[in-house]
Amino acid sequence: MTFPFTKNIHYQNQSLSIEGCSIEALALKVNTPFYVYSQARLLDNITACKAAFDAHNIQIHYAVKANCNLHILQLIASQGIGVDLVSGGELYRATKAGVQAEKMVFSGVGKSRSELIQAINMHIGQFNVESAEELALLATLAEDTSDNTSRKLQVALRVNPNVVVNTHKNITTGQKGNKFGIDMDLALTLFEHYANHPSIELVGLAMHIGSQIFEVAPYREAIQKLRLLATKIQEKGGNVSVLDLGGGFGINYGENTPLDFATIAHVIAEETKGFRGKVAVEPGRSLVADIGLLVSRVNYVKESHPTPFLILDAAMNDLMRPALYQASHPIKEVIQNTTSATRSYDIVGPVCESTDIFASKYPLDTNIKAGDLVTFFCAGAYSAVMSNSYNSRDIVPEVFVNGQNATLVRERITQEALLQYEVNAKPL
Ligand SMILES: *Cc1c(COP(=O)(O)O)cnc(C)c1O
């Protein structure tokens, strides 16, 4: 196991630091649990991503659902990266963060009528449509709202390339039977059907085959299928000038070698050679996962045989990935275990659910005790975004670190605040 330390998150005098800030000091200011992100790491990831994809003229749209904190979106927007959105809420956030509408792609299998209208009125760059039914609705709405001056809606069809991906079954999306995407045959028919439509222009094909993928083979196979389809469409007079290849690039949660940007960019460049048009990717996790930590305190060390429980103040409502898809996050003591004597713990949260387990038989300091701090690594993606207030727990705060400066970028959302939505019941 290669522990995912980065140069931005490391021990300094036996105390875990994120850039120039000690986690222990932050925990006194913010109270646990909380998320903390490294700005330098985010900028490094963006730089590496841009260098890899720019070299092959591949456009980048950050998948906002991985982490939609306004401050992260602002930083990403300031670096000239576009966004991939899956809801009207994300569209709203991205707009507030200063992302240009032209750089927005709207994906998602179940966009509502009002979300589509919102996106049409915003004149976003591209719709990635996932069914014939959605396309029909979009066409109707486009005609209703068309003001003559605006160009036709730019639409790509997200197809299901039916490739097998070696990842957790809950995060594959490009296999037959998944709810995502349109069958290849139907896509061809739709291109014919919508040729010369007054307000819709089918411009390309999109795919997203899953998440936390380490092999390049499924990408190659899927892109080849997309290109075959593109050729068929073009033979029938259609125009495929966009290939949007999704995200899913795997990162190291302590057990894997990441699929780095340069490698996948090279593969995409090879497989799209000779394609005349725009090629794009939609990385989410790979840009933000390793920038973040979840910091928590030990509430109890509960002796039990054969394995003692480490009961934390963080729970599944703060970090849902382990309960949702058996994900594992590497965990470390904030004050380094210098004796390196360890024992195995079942690491759990206080929520009243048997699935509120972060790790089983996980080695940590033998002498760990109530009040000590522990940290979950690689908690920048699909982590704070999924937090909720189950068991009437506060919604976890987020901190952004830049060198020695720490900023609270999401306040703790307390029960007092949440109750404001309930106390004044309104008759309907
Ligand atoms: C979630 C998602 C992504 C990002 O996936 P990652 O695994 O985070 O890179 C990209 N495109 C679409 C359509 C998605 O739904």
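Residues numbered from 1 in each chain as written. Predicted model: local features only at pLDDT ≥ 70, side-chain atom pairs only at ≥ 80, totals over all residues. Heavy atoms only, no water.

Comments concerning the overall build of the chain
The number of helices and strands found in the chain is twelve helices and 20 strands. Over its C-alpha atoms the chain spans a radius of gyration of 23 Å, differing by no more than 12% from the 22 Å that the globule rule assigns to 428 residues. Its C-alpha atoms give the chain principal-axis dimensions of about 70 × 60 × 40 Å. Buried positions account for 54% of the 428 residues belonging to the chain. Contacts in the chain between residues at least 24 apart in sequence constitute 70% of all its contacts with a sequence separation of at least 6. As displayed, the chain has an accessible area near 19,000 Å², and 50% of this comes from carbon and sulfur atoms. Side-chain charges in the chain split into 36 positive and 42 negative, and the spacing between the mean points of these groups amounts to 2 Å. (Helix = DSSP H or I, 4+ residues; strand = E, 2+ residues; numbered from the N terminus. Rg over C-alpha atoms; globule rule 2.2 N^0.38 Å. Buried < 20%, exposed > 50% of the residue type's maximum accessible area, 1.4 Å probe, protein only. Contact = heavy atoms within 4.5 Å. Areas by Shrake-Rupley, 256 points an atom, 1.4 Å probe, with all protein chains shown as cover. Lys, Arg positive; Asp, Glu negative; His and termini not counted. Charge placed at Lys NZ, Arg CZ, Asp CG, Glu CD.)

A short note on the environment of T355
Take T355: it is sitting in the loop between β16 (342-348) and β17 (357-365). Discounting residues that sit within four places of it in the chain, T355 has contacts with M316 and A323.

Some words on the domain arrangement of the chain
When the parts of a complex come together, some accessible area is lost, and that lost area is often used as the size of the interface. Taken domain by domain, the chain comprises domain 1 (9-38 + 289-421) and domain 2 (107-283). Between the C-alpha centres of domain 1 and domain 2 there is a distance of 36 Å. Of all residues in domain 1, the largest losses of buried area upon contact with domain 2 belong to Y325, S328 and C378, amounting jointly to 49% of the total for that side. Seen at the junction of domain 1 and domain 2, the total is zero residue pairs in polar contact (both at pLDDT 80 or more). A class-by-class count of the residues in the side of domain 1 that touches domain 2 yields five nonpolar, three polar and one charged. (Domains from an automatic or database assignment. Buried area = accessible area lost by both parts, 1.4 Å probe. Polar contact = N/O pair within 3.5 Å; in protein donor to acceptor, adjacent residues only side chain to side chain. Nonpolar A, V, L, I, M, F, W, Y, C, P; charged D, E, K, R; others polar.)

Observations concerning the state of the cysteines
What the rule picks out here adds up to zero disulfides. The cysteine C21 is free of any disulfide, with C378 supplying the nearest cysteine sulfur at 19 Å. Given the relative accessible area of 6%, C21 is considered buried. Unpaired in terms of disulfides, C378 finds its nearest cysteine sulfur in C49, a separation of 17 Å. You can call C378 buried: its relative accessible area is 3%. (Disulfide = S-S within 2.5 Å.)

Overview of the sheet that holds strand β12 (residues 278-281)
Pairing within the closed barrel is parallel, and its eight strands lie in the order β5-β6-β7-β8-β9-β10-β11-β12. Across the sheet, the mean angle separating the axes of adjacent strands is 30° when strand polarity is ignored. Summarising the sheet, strand β6 (residues 82-85) and strand β7 (residues 104-106) pair through three bridges and their orientation is parallel. Across the sheet, residue V83 finds its bridge partner in β7, namely M104. Running over the sheet, helix α2 (residues 39-54) touches β5 (58-63) and β12 and is turned about 145° from β5. This element, helix α8 (residues 217-235), spans β10 (200-206) and β11 (242-244) of the sheet and lies at about 150° to β10. (Pairing = 2+ DSSP bridges. Axes fitted to C-alpha atoms, helices over the stretch in contact; angles between N-to-C directions.)

A look at the pattern of salt bridges
Here the structure, examined in full by the defined rule, presents twelve salt bridges. For the salt bridge of D290 with R41, the shortest nitrogen-to-oxygen distance reads 2.8 Å. Pair noted here: D290 is in the loop between α10 (285-288) and β13 (292-302) and R41 is in helix α2, with a separation of 249 residues, a long-range link. Each member of the pair D290 and R41 is classed as buried. R220 is paired through a salt bridge with E270; the nearest N and O atoms lie 3.0 Å apart. Of the two residues, R220 is situated in helix α8 and E270 in helix α9 (residues 261-271); the sequence distance between them amounts to 50 residues. Look at R220 and you get partly exposed, because its relative accessible area is 24%. (Salt bridge = Lys/Arg side-chain N within 4 Å of Asp/Glu carboxyl O.)

Thoughts on the nonpolar core
Taken as a class, soluble globular proteins show a tendency for nonpolar side chains to be buried jointly. Of all hydrophobic cores here, the largest spans 127 residues; its most connected members are F53, F127, L157 and L205. With seven residues, the top contributor of residues to this core is α8. A domain-level breakdown of this core finds at least three residues from each of domain 1 (9-38 + 289-421) and domain 2 (107-283). Excluding its chain neighbours within four sequence positions, the residues that come into contact with F127 are F106, L116, A119, I120, L138, L153, Q154, V155 and A156. (Core = buried A, V, L, I, M, F, W, Y, C linked by side-chain atoms within 4.5 Å.)

Quick word on the sheet that holds strand β2 (residues 15-18)
Within a beta sheet, neighbouring strands are joined by backbone hydrogen bonds and run either parallel or antiparallel to one another. Taken in spatial order, the three strands line up as β1-β2-β3 in an open sheet, and their pairing is antiparallel. The open sheet has two free edges, formed respectively by β1 (9-12) and β3 (21-22), since each of these has just one partner strand. In the sheet, β1 pairs with β2 via four bridges, with the strands oriented antiparallel. Directly across from Q12, in β2, lies its bridge partner S15.

Observations concerning the site of the ligand
Around the ligand sit 14 residues in total, of which K65, S211, E282, R285 and Y382 are the nearest. For the ligand, an oxygen atom lies 2.3 Å from a polar atom in the side chain of S211. Here an oxygen atom of the ligand sits 2.5 Å away from a polar atom, N or O, in the side chain of Y382. Burial of the ligand by the protein chains amounts to 94% of its free accessible area of 390 Å². By residue class, the composition of the shell around the ligand is three nonpolar, six polar and five charged. (Near = heavy atom within 4 Å.)

Quick look at the packing of α2 against helix α3 (residues 70-78)
When two helices pack together, you describe them by how their axes are tilted relative to each other and by the distance separating the axes. Here α2 crosses α3 at 40°, and the two axes come no closer than 11 Å. What the angle tells us is that α2 and α3 run oblique. For the pair α2 and α3, the crossing hand works out as right-handed. Residues Q39, L42, L43 and I46 of α2 pack against I72, L75 and I76 of α3. (Parallel < 35°, antiparallel > 145°, perpendicular 65-115°, else oblique. Left-handed = near helix turned anticlockwise from the far one by under 90°.)

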